[in-house]
Structure formats: structure tokens, C-alpha cells
Amino acid sequence: MNDQEVRRGAGVYSKPILGIYDFVVVRLSNSLAWRCPSVLMLAQYDRLLGRRHLDVGPGTGWYLANAQLHKDADVMLMDLNSNSLDSASARIAGVTHSRLVANVLEPLPEDIGLFDSIGVNYLFHCVPGTWTDKGAAFGHLAERLADDGVLFGATILGTGVRHNLGGKGLIALYNRLGIFHNRADDADGLRAALEAAFREVEVNVVGTVAVFSAREPRR
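Since this is a predicted model, take the numbers as computed values, not measurements.

Trainee: Tell me about the pairing of strand E2 (residues 74–79), and please be specific about residues and values.
Mentor: Counted residue by residue, E2 has five buried out of six residues, so it is predominantly covered. Here strand E1 (residues 52–56) runs beside E2; their pairing, made up of five bridges, is parallel. Residue Leu-54 lies in a different strand from E2, and its bridge partner there is Met-76. Relative to strand E3 (residues 96–101), E2 runs parallel, the two being bridged by six bridges. The residue of E3 that forms the bridge with Val-75 is His-97. Viewed along the sheet, the connection from E2 through helix H5 (residues 82–91) into E3 turns out right-handed.

Trainee: Provide a residue-level description of the pattern of salt bridges, including the pertinent values.
Mentor: Inspection of the entire model under this criterion finds six salt bridges. Note that Asp-22 is salt-bridged to Arg-91, the shortest N-O span being 3.0 Å. Taken together, the residues Asp-22 in helix H2 (residues 15–32) and Arg-91 in helix H5 connect sequence positions 69 residues apart. For Asp-147, the salt bridge is made with Arg-219, and the minimal N-O distance between the two is 2.6 Å. Here Arg-219 lies in the segment after strand E7 (209–217) and Asp-147 lies in strand E5 (residues 145–156), a separation of 72 residues in the sequence. Judged by its relative accessible area of 45%, Arg-219 is partly exposed.

Cut-offs used in this document
Residues numbered from 1 in each chain as written. Predicted model: local features only at pLDDT ≥ 70, side-chain atom pairs only at ≥ 80, totals over all residues. Heavy atoms only, no water. Buried < 20%, exposed > 50% of the residue type's maximum accessible area, 1.4 Å probe, protein only. Helix = DSSP H or I, 4+ residues; strand = E, 2+ residues; numbered from the N terminus. Pairing = 2+ DSSP bridges. Right-handed = clockwise from strand over helix to strand, strands pointing away. Salt bridge = Lys/Arg side-chain N within 4 Å of Asp/Glu carboxyl O.

Function cannot be inferred from these measures alone, as they are strictly geometric.
This is the structure:
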């Protein structure tokens, strides 16, 4: 996968875009276009967050800021975009956390240790390539997950689901602008990519969103 293409996609999230993200995506698009309310994904955070947590592609930090974090939580925020890291870091300023600038399609530094949970919410529809290409990321993340840990997230599917008129328009626009890379993303491909890196996988489709979790990393 072309590293420049990955970085170009991540670079879309400027400070002005992040300034309207919560209203446009969290409040409107999730419920109206994708038909998967944000509270459903927030509930997954509440259910699966571990004490030591890695959040990849944290966006504005809305989910972490509203989730029920452990009282002694230790969070690492990871992204290629420093704007996203700044935004998410500010939202969880009262929580012990660190930052990592890294590409999820490349091996993660071993010295960051292992995590009890890894969140990849709304990350993979922004990652270029097919599920074969994107699946490399699951392998890298599995290497940083504790044996009894859990990886979880959600991603907007481009095919195999019924998009309403608004969703069709946004999918077309975002893919044309290079914000999304998910025209061929389907639930079966996601499951296969997860199963290549984890022994226990769960994928549920809500509206046009695949909400997933994975345990028992293969390594």
C-alpha cells in the first residue's frame, strides 16, 4: 500500500473539519445516513474498554470522552494526523494518556507494550485498499494486544448493505474526495480479515455499519 496515499487520507482531518465532526458525523450521519446510532458504539466502548487502552484513529476523542473509563485508565492515542491527536488529547486531558504518530498498516513499535483493549472505531473505511490490504493492520494490532485482551470497533460498509439515498450520496462523495476508501468493503471480507489475525471474532451489521470485536490474537 502506498504510504503517501495513506497519509493523504489521514490528512483530510484538518482543525476546521474536526471542529464540525461531532455535529456532522456523531449527531447526524450515524443515525440518518448510516443508521447506526453513536450511542450503540459508545456502549461497546463502555463494555469492552480495558485499563490499558490503545485508540487508533481517535478522531475528536468523542467516544473516549463520553465512555466509562477505568479509574486508573492508561490510554494511548495513535494516528498519523497530529490534529486528531491534539483534539482527542484535549478531550481526555484529565486521563493518563500518551500519543503515538504511526501508520496502522505498518508494524507498531514493540516498546509500547501490550494493551488490554484496542479501539479502531470508524478507522477502516478511511484506510485505502481491499480487505486483504487492510487486514495487515489487524495482524499488527494483534501483536500489541494482551492474550486476554479485545480489539473492537466499527466501520461503514460500501457493499452488501442497503444504503439509503443520503448514505449513497455520502459514500460517493467521500470516496471521490479520498476521505473514504470503502466502495468494496463488505462484512464477509471484514470477518475473513479479522479471522486471519484472531481466533474469536464477532461481526454484527447495524444499518450500513459493521460493529465488530475480536479476541485471542494469533501470533
